[in-house]
Amino acid sequence: MIRHLLKFSYRALQRQGGYVVINVLGLAIGIACTLAISLFIVHELSYDQYHEDKDRIYRIVLHGIFSGTEVKGAYTPSPMGLAMVNDFPEVESFVRMNVWDETIVQVDDRYFIEQDFIEADSTFFDFFSIPLISGHQETALTEPNTVVLSKTTAARIFGEGDPMDEMIRIGNGPTHYRVTGVMEDVPETTHFNAGLVGSFTSNPRADDNQWLSNSFYTYVKLHPDASFETVTERFEGLVLKYIGPELRRVLGITTEDFLAQGNVFNYFLQPLTAIHLDPSVEHHLKPSNDPKYLWIFGAIGLLILVIASINFMNLSTAQATKRAKEVGMKKVIGSSRGMLAWQFVTETVFLSFLALLVAAMVLEITLPYFNNLLSLHLSMSYFSSWFVIPGMIALALVVGLFAGSYPAFYLSAFNPNTVLKGKTGSSKQSTSLRRALTVLQFAISIMLISGSVVMYKQLSFMLNKDLGFDRENILVLRNAYSIGNQIEAFKSELQGIPGVVSVSASTAVPGRPNNNNGYMISGRDDESFLMQTTWADHDFLETYGIKLAEGRFFDPDLRTDQQACILNERAVNNYRLDDPFATRLLVPGEGDELEVMPVIGVVHDFHFESLRNDINPAIIRFKDEATNWGYISIRLEPDMVSEARRQAEELWASFTGNDPMLYFFLDEDFNRFYREEQQNAKMSVLFTVLAIVIASLGLYGLTAFSLEQRTREIGIRKTFGASISNIWFMICKDVMVLVGVATVIAWPLMYWVVSNWLHNYPYRISLQPVDFLVGFVVAVVIALATISYRVLRTASLNPSLSLRSD
């Protein structure tokens, strides 16, 4: 029976000619887009799902509000994990992690630059299911100065040799690490990267008891029957027990008084599997993605499928006259409406499965280009999970039923007495529906076009906005501690290199903040103030082009400036400093003494972080020679960047004993904040183009069929003197009306969508009429370009030939 049904359907489809190709191609593109978007969504949702105990593992997150400034970051003090194991019955074990910046690995006289070095407790492999190829997970990280390499890192450093028990130097210090294991590469769907994992006991602060220094990542594993809510409730007691005495010692106030001022100091648990899709929590691991984009692209995939299905509906109902007699004859010989509807639905499902095969082939061919465009590593593994093949079959089945349901019931409803006389009896109704569906197609396309325009404008705004400093042509050297106490001598030598404009040493640079510290203000003893802290020398403002709002910067000839500080305008305004130069900030000094810092200057606000974040109160303190960690920033002449960099590398080698110089250019580094926006903008444009292609295919097919039905009419009009341009305008006018109606529908919806999306950014573009006009103009141009060739070809026919058309 099925064989006869498929054979019958194949013959019926043959009679539709080229329209079948348009239908299959449209459905194939729609299904391919949906599969690609599904791959992306599944990839994002699969982060950290492979860990054996994933449902019992949580990351501890600090949540604080200090004088109105909110902090939510995955930063904890060193003793946090051990205290929770001892005090919380629900906690089974813990692991701490410390992530290094790019660092140097030395083996004999060979140097390697490693991007992903972390320090972790010996329980690392109990938490994260990363198999060891060599070594024992129980002992690999128990001793100080031991390290486990990933398979790729081991091969890069040691080739085919056995790395076990080899000694390697990590960082710029003299310490050597013993290789105690080789692990499989960390899967891409992990919220952190790790090419080397060193023992946490190697860190000088592994055993410290500083509860106000939140510098490490801490993960806890709960007992199988433990309550997540109970652990969360216990944090309040932990803060009172351990952090309360520290607050009294440093700020001179009790925890109760601190909280009574409206401040917040607490922690909460973040599920391991929620880390990748929670950008609200600050950290310096692999960037988290915003889950709203999964909804956005899921909706785009659905809309593209709707457009492809509308194409099918339109072309199927438009061809009703071609199949009307077929329906009439079958009804005469006994076929019921249900049997005919089943036949038409079967034809559509057959086409849908054919489109699925085409889509799979298209996806296999284009996926490498898709990955390259978006810097992804997606792959189509049909047998990797049980649900892949059934899911694809279900997708084709649903698309076939959705696209074919209306045409099936529409065609099967023809009256045999009417259609056998050459009439369908409901052309006006079907024409109205086709016009409505075409309007819906164009409305979706206009929304996608305008949405892509707004997304790109916001991205361009973030990439080009004045940040309050000049980020161009600044070479930033990492690991200033490699120079030791010779930073001033190194700076002096750098100034002699042709092309070097200015040099500054600082503990942080824009885009890489690393300290949030609490301060008190003289005369306001019952308050505390949180500020982003940078220690910098007297060349910092000149090097970065930061402007003073009032006062002055550090003067190298005034020793008293070493105890002074500079505030930004946000700190002055947020903390209500009516006379900032009369303000004295207080910080803990040696013993129980408080260090007094007068304010000598106020700088205009500048962005130390991504434009996704608002500017926070900030303080610049004087950096002396003894503070030898952080960065060295070099402003270069634009046309001498390469040569000056080369000479700076030679000078670095002479100061550090031939260690490689680790560096980055500030403008390139700052743009890394917007990789998610860049990726999503590219995806939006790509799928918008494909949606337009599908809509254009449908419009072309619909126009071609309409012109076939109006060939005699066009011939008659030409006989009575109508020009080709008159006929072109007559046909195109109908399409323009549809585009106009679609625009009226799309614009308010688009305004609501993009306004809500832009609201996520504290610094954003303002919507302009041109943002919406672009969607309309592009839709008009594409519609006219799609139909004009076919219209002009038909209008150019000799009237004598047109009038012979049946």
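Residues numbered from 1 in each chain as written. Predicted model: local features only at pLDDT ≥ 70, side-chain atom pairs only at ≥ 80, totals over all residues. Heavy atoms only, no water.

Quick look at the overall build of the protein now. The helix and strand inventory of the protein stands at 23 helices and 24 strands. Buried residues in the protein amount to 52% of all 806 residues. Taking contacts inside the protein between residues at least 6 apart in sequence as the whole, the part at least 24 apart equals 80%. Accessible area of the protein: about 36,000 Å², with a carbon and sulfur share of 57%. (Helix = DSSP H or I, 4+ residues; strand = E, 2+ residues; numbered from the N terminus. Buried < 20%, exposed > 50% of the residue type's maximum accessible area, 1.4 Å probe, protein only. Contact = heavy atoms within 4.5 Å. Areas by Shrake-Rupley, 256 points an atom, 1.4 Å probe, with all protein chains shown as cover.)

In this section: the packing of aromatic side chains. A complete count under the given rule lists 36 aromatic pairs for this structure. For the ring pair F124 and F125, a centre distance of 5.1 Å and an interplane angle of 90° mean the geometry is edge-to-face. Judged by relative accessible area, which is 0%, F124 ranks as buried. Since its relative accessible area comes to 5%, F125 is described here as buried. Here the aromatic residues F469, F540, Y544, F606, F608, F670, F673 and Y674 are joined through ring pairs into a cluster of three or more. Sitting over the face of the ring of F127, K221 holds its NZ or CZ atom 5.2 Å from the ring centroid. Its end group placed over the ring of F664, R512 keeps NZ or CZ at 4.4 Å from the ring centre. (Phe/Tyr/Trp six-rings, centres within 6.5 Å; stacked < 30°, edge-to-face > 60°. Lys NZ or Arg CZ within 6 Å of the ring centre and 35° of its normal.)

Moving on to the pattern of salt bridges. If you walk through the whole model with that rule in mind, you get 29 salt bridges. The partner of R612 in a salt bridge is E677, and the shortest N-O contact between them spans 2.8 Å. Within this pair, whereas R612 is found in the loop between strand 21 (594-603) and strand 22 (618-622), its partner E677 is found in helix 19 (residues 675-709), the two being separated by 65 residues in sequence. A network of salt bridges, in which partner residues are shared, links D53, R56, E92 and K221. (Salt bridge = Lys/Arg side-chain N within 4 Å of Asp/Glu carboxyl O.)

All right, on to the pairing of strand 12 (residues 217-222) then. Across the six residues of strand 12, six count as buried, placing the element largely inside the fold. Every second residue of strand 12 is oriented toward a common face, with Y217, Y219 and K221 on one face and T218, V220 and L222 on the other, all of them buried. Bridge analysis of strand 1 (residues 57-66) against strand 12 gives three bridges, and the strand direction is antiparallel. Among the inter-strand pairings, I57 is bridged to a residue of strand 12, identified as K221. Both strand 3 (residues 91-99) and strand 12 contribute to a ladder of six bridges, which runs antiparallel. (Pairing = 2+ DSSP bridges.)

Another aspect to go through is the side chain of R59. Position of R59 relative to the elements: it lies in strand 1. Despite being buried, R59 has no salt bridge partner; D278 is the closest side chain of opposite charge, sitting 6.7 Å away. In this structure, R59 is in contact with A74, H191, T218, Y219, F268, L269, Q270, I275, V281, H283 and L285, ignoring residues within four places of it in sequence. (Lys, Arg positive; Asp, Glu negative; His and termini not counted.)

This brings us to the packing of helix 3 (residues 80-87) against helix 6 (residues 228-251). The interhelical angle for the contact between helix 3 and helix 6, taken along N-to-C directions, is 115°, at an axis separation of 11 Å. On the basis of the axis angle, helix 3 is roughly perpendicular to helix 6. At the point where helix 3 passes helix 6, the crossing takes the right-handed sense. Residues M80, A83, M84 and D87 of helix 3 touch helix 6, and the partners they reach there are V231, F235, L238, K241 and Y242. Considering only residue class, the contact of helix 3 with helix 6 consists of seven nonpolar, no polar and two charged. (Axes fitted to C-alpha atoms, helices over the stretch in contact; angles between N-to-C directions. Parallel < 35°, antiparallel > 145°, perpendicular 65-115°, else oblique. Left-handed = near helix turned anticlockwise from the far one by under 90°. Nonpolar A, V, L, I, M, F, W, Y, C, P; charged D, E, K, R; others polar.)

This paragraph deals with the pairing of strand 9 (residues 167-170). Of the pairings in the sheet, the one linking strand 4 (residues 103-107) to strand 9 comprises two bridges and is antiparallel in character. Looking at strand 9, one finds that V105 is bridged to I170. In the sheet, strand 9 pairs with strand 10 (residues 176-183) via three bridges, with the strands oriented antiparallel. Across the sheet, residue I168 finds its bridge partner in strand 10, namely Y177.

Next up on the list: the nonpolar core. Ranked by size, the top nonpolar core spans 96 residues in total, and within it Y544 and F687 carry the most contacts. For this core, the leading source of residues is helix 2 (residues 18-45), giving 15 residues. Among residues more than four places away in sequence, those in contact with F687 are C33, A36, I37, I300, I304 and F370. Counting residues in hydrophobic clusters, the runner-up holds 46 residues, among them F88, W211, I521 and I619. (Core = buried A, V, L, I, M, F, W, Y, C linked by side-chain atoms within 4.5 Å.)

Taken together, the side chains of Y456, V685, V689 and V693 define a hydrophobic patch exposed on the protein surface, amounting to about 290 Å² of accessible area. With respect to the element layout, V693 can be found in helix 19. (Patch = residues over 30% accessible without salt bridge, like charges linked within 9 Å, V, L, I, M, F, W, Y side chains within 5 Å.)

Quick look at helix 3 now. Taken together, the buried positions of helix 3 are occupied by M80, G81, A83 and M84. The buried residues of helix 3 occupy an angular sector of 165° when the element is viewed end-on, so they sit on one face. Residues of helix 3 that are buried sit in contact with strand 1, strand 3, strand 12, helix 6 and strand 13 (264-271). (Arc of directions from axis to C-beta.)

Bringing the side chain of S506 into the picture now. Within the element layout of this structure, S506 appears in strand 15 (residues 500-506). Only 2.8 Å separates the side chain of S506 from the backbone oxygen of A508, close enough to count as a polar contact. When residues no more than four places from it in sequence are discounted, the contact partners of S506 are T534, W535, A536, F540, K623, W629, G630 and Y631. (Polar contact = N/O pair within 3.5 Å; in protein donor to acceptor, adjacent residues only side chain to side chain.)

Moving on to the environment of L586. Of note, L586 is situated in strand 20 (residues 584-588). A relative accessible area of 12% means that L586 is categorised as buried. C-alpha separation for the pair L586 and V596, spaced ten residues apart in sequence, amounts to 4.9 Å. Non-local contacts of L586, meaning those with residues more than four positions away in its chain, are made with Y519, M520, I521, S522, L594, E595 and V596.

Turning our attention to the environment of G545. Here G545 shows up in the loop between helix 15 (540-544) and strand 18 (548-551). The exposure class of G545 is partly exposed, given its relative accessible area of 26%. Dropping the residues within four chain positions of it, G545 is found in contact with G468 and F469.

This paragraph deals with a negative patch on the surface. On the surface, D108, D109, D162 and E166 cluster together into a negatively charged patch. Position of D108 among the secondary structure elements: in the loop between strand 4 and strand 5 (110-114). (Charge placed at Lys NZ, Arg CZ, Asp CG, Glu CD.)

Remember, this is a structural readout, not a statement about activity or role.
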